[in-house]
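What the coordinates show
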Amino acid sequence: MDLLDIALASITFLSYKEKLLLKKNLDSIKSLAILSIDDIQLLIKRVLKNVKWNPLKCVKEAEISSKLFDAFDIKGVTCTDCEFPAMLRAIPDPPYAFFYRGNLEVLNKNTVSVVGTRNCTSESSKAAFDFSKAACDDNMAVVSGLAYGIDSFAHKGALSSEKDCCTAAIIPSGIDTIVPYGHKKLAQKILERNGLIASEYVPGTPAMAFRFVERNRIIAALSASTVVIHAPGGSGSLITADFAMDYNRELYFHSVGFSQMSEKVSQSVEKQKALKGKKNIKTARSYVDDGAAVISDYADFIKARLSPPGYRSCELLEGNL
């Protein structure tokens, strides 16, 4: 990855296709440095409104990011490179570039994305841990977001397996900074076990609220299946579920979290309606009504994947629907 790729990856007002078009028409970072906003509009054939463009600042920030590559042993691939994760390339809105520390080969294994709320219970945290350990024991790799709560137990469960290359953490910032900071040691353990820390953001990019949502789409994209362990109505983890459905991925809810969510759903949804003014807040139950399956453990997950469409594990849903 060269300096021009780093600079293009940092431009937020262009789509990945537009960045590819610029790359095709530019021969070096110097050619980007003299590009006006009118030049860009001409090349991408789109009018850019309310866009601030400072090419010299873009180049300077790319140079700063480049120095972080060596300092943190960061590598990067663009969406045209053969090493770019195939599952990620397949979505309609892949990132232009993917930055990582550790072993990118983790994403060439069979992967499962495991997500859930930060405010998990002892039962749902154990479910995340046990599911992820069993998945890795079965030579899968677990993808999650390194967040507090369910994500952390998913990574820890994966790391408890004797298998290496077992987990990938996708974070909402440049990977020179671990988010959240409290999981710095967990991130280090992932790297020590030949795992992966990755992001679509250039080194030096801070975490911001909208980047958590963008990160969730990466988590959903990187696996054929997403398993939601525990997520109340309106939870950010259900954004990942939405992305999984949009990308035609398999979506599952764990019975432990599903049961807990069903017990509290009325109060939770009514509270969030009042706070957010929304009439239709999706819940775990609404995803199941739309076709997601409920599974009790990793063995049940495998059974569900091999079952015909419409599998529900009816005994688990009894009393919850």
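Here's what I pulled together on the structure shown here. Since the structure is predicted, the reported quantities are computational estimates derived from the model, not experimental observations.

1. Observations concerning the pattern of salt bridges
- Within the structure shown, the criterion is met by nine salt bridges.
- Its salt-bridge partner being Arg217, residue Glu200 comes within 2.6 Å of it at the nearest N-O pair. Here Glu200, found in the loop between β6 (196-199) and α10 (209-221), pairs with Arg217, found in helix α10; they are 17 residues apart in sequence, far enough to count as distant. Taken individually, Glu200 and Arg217 each receive the classification buried, so the pair is uniform in this respect.
- Taken together, the shared-partner salt bridges connect Asp93, Glu200 and Arg217 into one network.

2. Thoughts on unusual backbone geometry
- Across the junction of Val179 and Pro180, the peptide omega takes the value 0 degrees, indicating a cis bond.
- Mapped onto the elements, Pro180 comes out in the loop between β5 (167-170) and α9 (184-192).
- Phi is positive for Asn50, close to 55 degrees, though the residue is something other than glycine.
- On the secondary structure map, Asn50 appears in the loop between α4 (37-44) and α5 (55-72).

Reading guide: rules and limits
- Residues numbered from 1 in each chain as written.
- Predicted model: local features only at pLDDT ≥ 70, side-chain atom pairs only at ≥ 80, totals over all residues.
- Heavy atoms only, no water.
- Salt bridge = Lys/Arg side-chain N within 4 Å of Asp/Glu carboxyl O.
- Helix = DSSP H or I, 4+ residues; strand = E, 2+ residues; numbered from the N terminus.
- Buried < 20%, exposed > 50% of the residue type's maximum accessible area, 1.4 Å probe, protein only.

Interpretation note: all reported values are geometric properties and have no functional meaning in isolation.
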